[in-house]
Amino acid sequence: MEDNALGKVLDSLDTSSFFLLCVLASVCLSYRVLALQRRQLVTGGTERTDLFPLQLGASALVLGALGYFFSLSLDRLRETCPEGGREYASARVNALASALVLAAALLRLGELLANRGQESLEDEELPAF
């Protein structure tokens, strides 16, 4: 029985590591978008690059990771007893924080999709990730 529990914890840690790598990849894509935006500004817009695919990829990676971490926070909330005091309160706060971060990422993705192709080079905001 203990081996099964240990195996579940190890699987969860491995999956968490994978999704942390997804967040890191999203940051790298966002960094690349910033570098391309900078180059476009320096060259006066003569080198136009479509940044949308990179921004969309960064958003997709981070949304997948945030979805997974939100799911983990809900699992922890379900596993704790409401009479558990501090542990249950902590699980509730973590689930709420995860939900808010996921919602923010979804809003940023929606904004990215809604504004596709509508911004000039000078109006562009930092990429969504």
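Refer to the structure printed above.
This report concerns the structure included in the present document. (Residues numbered from 1 in each chain as written. Predicted model: local features only at pLDDT ≥ 70, side-chain atom pairs only at ≥ 80, totals over all residues. Heavy atoms only, no water.)

The next point concerns the overall build of the protein chain. Of the regular secondary structure elements, the protein chain holds three helices and zero strands. When the elements of the protein chain are put in sequence order from the N terminus, they spell out α-α-α. Taken across its 129 residues, the protein chain has 26% of its residues classed as buried. If you take every contact in the protein chain between residues at least 6 apart in sequence, the share linking residues at least 24 apart comes to 66%. Accessible surface, the protein chain: about 8,700 Å² in total, of which carbon and sulfur atoms supply 62%. (Helix = DSSP H or I, 4+ residues; strand = E, 2+ residues; numbered from the N terminus. Buried < 20%, exposed > 50% of the residue type's maximum accessible area, 1.4 Å probe, protein only. Contact = heavy atoms within 4.5 Å. Areas by Shrake-Rupley, 256 points an atom, 1.4 Å probe, with all protein chains shown as cover.)

A separate point is helix α3 (residues 86-114). Counted at 1.5 Å a residue, the expected span for α3 with its 29 residues is 42 Å, and the 42 Å between its end C-alpha atoms agrees. Looking at α3, one finds that the buried residues are Tyr88, Ala91, Ala95, Ser98, Leu102, Ala105, Leu109 and Leu112. Against the buried residues of α3 lie α2 (52-79). (Expected span 1.5 Å × (residues − 1).)

So, about the nonpolar core. Counting eight residues, the largest nonpolar core is built from Phe52, Val62, Leu63, Leu66, Leu102, Ala105, Leu109 and Leu112. Contributions of two or more residues to this core are made by α2 and α3. Contact partners of Leu112, with chain neighbours within four places excluded, come to Phe52, Gln55, Leu56 and Ser59. (Core = buried A, V, L, I, M, F, W, Y, C linked by side-chain atoms within 4.5 Å.)

Right, let's get into the environment of Leu102. Tracing the backbone through its elements, the reader meets Leu102 in helix α3. When the C-alpha positions of Leu102 and Tyr68 are compared, they lie 9.9 Å apart, and in sequence the two are 34 residues distant. Once residues within four sequence positions are removed from consideration, Leu102 is found in contact with Leu63, Leu66, Gly67 and Phe70.

Turning next to the pattern of salt bridges. Considering all chains together, one arrives at two salt bridges under this definition. A salt bridge links Asp50 to Arg116; its shortest N-O distance comes to 3.4 Å. On the criterion of sequence distance, the pair formed by Asp50 in the loop between α1 (2-42) and α2 and Arg116 in the segment after α3 is long-range, its members being 66 residues apart. Across the salt bridge formed by Arg78 and Asp75, the nearest N and O atoms sit 2.4 Å from each other. (Salt bridge = Lys/Arg side-chain N within 4 Å of Asp/Glu carboxyl O.)

This part covers α1. Taking 1.5 Å per residue as the helical rise, α1 with its 41 residues ought to reach 60 Å, and the 60 Å between its terminal C-alpha atoms agrees with that figure. Those residues of α1 not exposed but buried are Ser16, Phe19, Cys22, Ser26, Ser30, Val33, Leu36, Gln37 and Gln40. Along its buried surface, α1 packs onto α2. Positive backbone phi, approximately 75°, marks Gly44, located one or two places after α1.

The final tally for this structure, using the stated rule, is three aromatic pairs. When the ring of Phe18 is compared with that of Phe19, the centres are 5.1 Å apart and the planes differ by 75°; the resulting orientation is edge-to-face. On the basis of relative accessible area, Phe18 is assigned to the partly exposed category, the value being 48%. Phe19 gets classed as buried once you look at its relative accessible area, which sits at 17%. Ring centres of Phe19 and Tyr68 lie 4.7 Å apart, and the angle between their planes is 20°; this geometry places the pair in the stacked category. Linking Phe19 in helix α1 with Tyr68 in helix α2, this pair joins segments that are 49 residues apart in sequence. Of the two residues, Phe19 and Tyr68, both sit in the buried class. (Phe/Tyr/Trp six-rings, centres within 6.5 Å; stacked < 30°, edge-to-face > 60°.)

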